[in-house]
Amino acid sequence: MRVDPSVSWGDIAMTTGLVFSGILAFASVSEGVSLNAASIKVVDRDVQQLAAEHRQRLSEEKADREQMRQEMREDLRAISEKLDLLMQQRANDE
């Protein structure tokens, strides 16, 4: 094998080492990117699940509040009717 006289075997060895190191570094970075992508997918799925649970809880709380309001309205209506009845009885007694 003939090599240009201005290029030494040391230069060839160093270049080969740098290329090999670059390939290893690229493989390591690719693996890191792949792991990050998998982590992002897991986090995204968890965030979507938490958001769905949160919407469900909000919906349940809203339904509970509406039910409590309805019960309070009925209680107030019953109290109002009893007060009206008591006022009529007092007016009749006098």
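Attention in this report is confined to the structure presented alongside it. (Residues numbered from 1 in each chain as written. Predicted model: local features only at pLDDT ≥ 70, side-chain atom pairs only at ≥ 80, totals over all residues. Heavy atoms only, no water.)

### Focus on the overall build of the protein
So the rule is basically this: Helix numbering and strand numbering both begin at the N terminus, where a helix is a DSSP run of H or I of at least 4 residues and a strand a DSSP run of E of at least 2. Here the globule rule reads 2.2 Å times residues to the power 0.38, and the radius of gyration is calculated from C-alpha atoms. A simple rule labels every residue: compare its accessible area, found with a 1.4 Å probe on the protein chains alone, to the largest value its type can have, and call it buried under 20%, exposed over 50%, or partly exposed in between. Computed with the Shrake-Rupley method and a 1.4 Å probe, the accessible areas treat only the protein chains shown as cover for residues.
For the protein, the count of helices and strands is one helix and zero strands. At 40 Å, the protein has a C-alpha radius of gyration far larger than the 12 Å of a compact globule built from 94 residues. In terms of its C-alpha atoms, the protein occupies a principal-axis envelope of roughly 130 × 15 × 10 Å. Within the protein, the proportion of its 94 residues that are buried is 0%. Carbon and sulfur atoms make up 60% of the accessible area of the protein, which amounts to about 8,900 Å² in all.

### Some remarks on the pattern of salt bridges
What counts here: Salt-bridge detection follows one rule: a side-chain nitrogen of Lys or Arg within 4 Å of a carboxyl oxygen of Asp or Glu.
Scanning the entire structure with this criterion turns up three salt bridges. Arg57 serves as the salt-bridge partner of Glu53, at 3.8 Å between the closest nitrogen and oxygen. Here Arg57 and Glu53 lie together in helix H1 (residues 9–93), a separation of four residues that amounts to about one turn. Its relative accessible area of 34% is what places Glu53 among the partly exposed residues. Note that Arg69 is salt-bridged to Glu66, the shortest N-O span being 3.4 Å. On the criterion of helical spacing, the pair formed by Arg69 and Glu66 is a turn pair, its members being three residues apart in helix H1. The class for Arg69 is partly exposed, based on a relative accessible area of 41%. Put simply, Glu66, Arg69 and Arg73 are held in one network by salt bridges that share partners.

### With respect to a nonpolar patch on the surface
The following threshold applies: By definition, no residue in a patch forms a salt bridge, and every one has over 30% relative accessible area; like charges are joined within 9 Å, nonpolar side chains (Val, Leu, Ile, Met, Phe, Trp, Tyr) within 5 Å.
Together, Leu76, Ile79, Leu83 and Leu86 make up an exposed nonpolar region whose accessible area comes to about 400 Å². Mapped onto the elements, Ile79 comes out in helix H1. A relative accessible area of 47% places Ile79 in the partly exposed class.

### Section: the environment of Ser39
Tracing the sequence through the fold places Ser39 in helix H1. Separated by 48 residues in the primary sequence, Ser39 and Met87 have C-alpha atoms spaced 70 Å apart.

### So, the environment of His54
Assignment of secondary structure puts His54 in helix H1. Residues His54 and Asp93, spaced 39 residues apart in sequence, show a C-alpha to C-alpha distance of 58 Å.

Structural measurements only, silent on function.
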